[in-house]
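Analysis of the macromolecular model
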Amino acid sequence: MIHLLREARPKQWAKNVLVFAAPGAAGVLDNGSSATRALLMFVAFCAASSGTYFWNDLHDREADRQHPTKCTRPIASGALAVPVASAVGTVLLVGGIGGAFALGWKPGAVVAGYVTLTTAYSVWLKHVAVVDLVAVAGGFVLRAVAGAVVTDVRMSMWFVLCTSFGSLFIVTGKRYAELRDLGAEARTVRATLQHYTLGYLHTVLAVSVGATLVAYCIWAFE
């Protein structure tokens, strides 16, 4: 059980708190029905995201075994059998998507879109420079969209832009830190880092944080 829990990566569930962003900003979380639906959406996203971690590690298990730190992951290390990981990962994906569809077709479509995007990232998009930044940021945006659609909250254009650029800032900041701290060894951690420079990532950081602040101010006054 401990290996299953490690593979589910519960620490990453904190990202799913973005589900509460739109209904929280709209002030509807004090309504019992909206709060319950948002909480169920959060649970569905946690299940779906954990399912994608299982399948990502299943897909990358051979490469992870050659990595200095990823080799300790339950699947790569052999602590978690492939058939068990496949079964649990599938159950989590089906449960997450099914639970979201139980709340409505729109929430279900958002979670299904998130799983599709994450799967595409694991298989292909994470190897494409710049696109990898957009893909990860898109996952954050979909979390915020899910919270809006499940509580029937209208998302203004400025809220979407604020969320999008804010997510891009966070993702780019992580890549910048990896490249700065690891230097020439960065490519062994993430293949796309060989295509980036600190100057380029610094520029993206500056643009994204500026756009986030502008979008937030306009949205707040709106």
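The structure presented is a predicted model; accordingly, all values stated were derived computationally and were not measured. (Residues numbered from 1 in each chain as written. Predicted model: local features only at pLDDT ≥ 70, side-chain atom pairs only at ≥ 80, totals over all residues. Heavy atoms only, no water.)

**Thoughts on the environment of tyrosine 176**
Tracing the sequence through the fold places tyrosine 176 in helix H9 (residues 157-182). If we ignore the near neighbours within four places in the chain, the residues touching tyrosine 176 are Leu198, Leu201, His202 and Leu205. (Helix = DSSP H or I, 4+ residues; strand = E, 2+ residues; numbered from the N terminus. Contact = heavy atoms within 4.5 Å.)

**Examining the pattern of salt bridges**
Summed over the entire model, instances satisfying the criterion amount to three salt bridges. With a closest N to O distance of 3.5 Å, aspartate 132 and arginine 175 form a salt bridge. Here arginine 175 lies in helix H9 and aspartate 132 lies in helix H8 (residues 131-150), a separation of 43 residues in the sequence. Of the two residues, aspartate 132 and arginine 175, both sit in the buried class. Where aspartate 181 meets arginine 180, a salt bridge forms, and the shortest distance between an N and an O atom there is 3.2 Å. (Salt bridge = Lys/Arg side-chain N within 4 Å of Asp/Glu carboxyl O. Buried < 20%, exposed > 50% of the residue type's maximum accessible area, 1.4 Å probe, protein only.)

**Here we look at a nonpolar patch on the surface**
Side chains of Val130, Val134 and Tyr200 sit close together on the surface and give an oily, nonpolar patch of about 250 Å² of accessible area. Within the element layout of this structure, valine 130 appears in the loop between helix H7 (105-123) and H8. Residue valine 130 is classed as partly exposed on the basis of its relative accessible area of 38%. (Patch = residues over 30% accessible without salt bridge, like charges linked within 9 Å, V, L, I, M, F, W, Y side chains within 5 Å. Areas by Shrake-Rupley, 256 points an atom, 1.4 Å probe, with all protein chains shown as cover.)

**What to know about the nonpolar core**
Of all hydrophobic cores here, the largest spans 14 residues; its most connected members are Met41, Phe45, Ala100, Val111, Val115 and Ala146. Mapped by element, the contributors of at least two residues to this core are helix H3 (32-59), helix H6 (82-102), H7 and H8. Methionine 41 has contacts with Val19, Ala100, Leu103, Pro107, Val111, Ala146 and Val150, leaving out every residue within four places of it along the chain. Listed in part, the twelve residues of the second largest apolar core include Leu133, Val171, Leu179 and Val204. (Core = buried A, V, L, I, M, F, W, Y, C linked by side-chain atoms within 4.5 Å.)

**Things to note about the side chain of arginine 9**
Structurally, arginine 9 is set in the loop between helix H1 (2-8) and helix H2 (21-26). When its relative accessible area of 18% is taken as the criterion, arginine 9 is described as buried. In contact with arginine 9, other than residues within four places in its own chain, are Tyr53, Asp57 and Arg73.

**Some points on H6**
Helix length check: H6 (21 residues) gives 30 Å between terminal C-alpha atoms against 30 Å at 1.5 Å per residue, within 8%. The complete set of buried residues in H6 reads Ala85, Ser86, Gly89, Leu93, Gly96 and Ala100. For H6, the angular spread of buried residues about the axis comes to 110 degrees, placing them on one side. Away from its buried face, by an angle of more than 90 degrees, H6 presents the exposed residues Pro83, Val91, Val94 and Ala102. (Expected span 1.5 Å × (residues − 1). Arc of directions from axis to C-beta.)

**Structural notes on the packing of H3 against H6**
Taken N-terminus to C-terminus, the directions of H3 and H6 make an angle of 150 degrees; their axes are 7 Å apart at the nearest point. Taken together, the axes of H3 and H6 lie roughly antiparallel to each other. In the crossing of H3 with H6, the sense of the turn from one axis to the other is left-handed. Side by side, H3 and H6 meet where Met41, Ala44, Ala47, Ala48, Ser50, Gly51, Thr52, Phe54, Trp55 and Leu58 of the first sit next to Val82, Ala85, Ser86, Val88, Gly89, Thr90, Leu92, Leu93, Gly96, Gly99 and Ala100 of the second. Residue composition of the contact of H3 with H6, grouped by class: 13 nonpolar, eight polar and no charged. (Axes fitted to C-alpha atoms, helices over the stretch in contact; angles between N-to-C directions. Parallel < 35°, antiparallel > 145°, perpendicular 65-115°, else oblique. Left-handed = near helix turned anticlockwise from the far one by under 90°. Nonpolar A, V, L, I, M, F, W, Y, C, P; charged D, E, K, R; others polar.)

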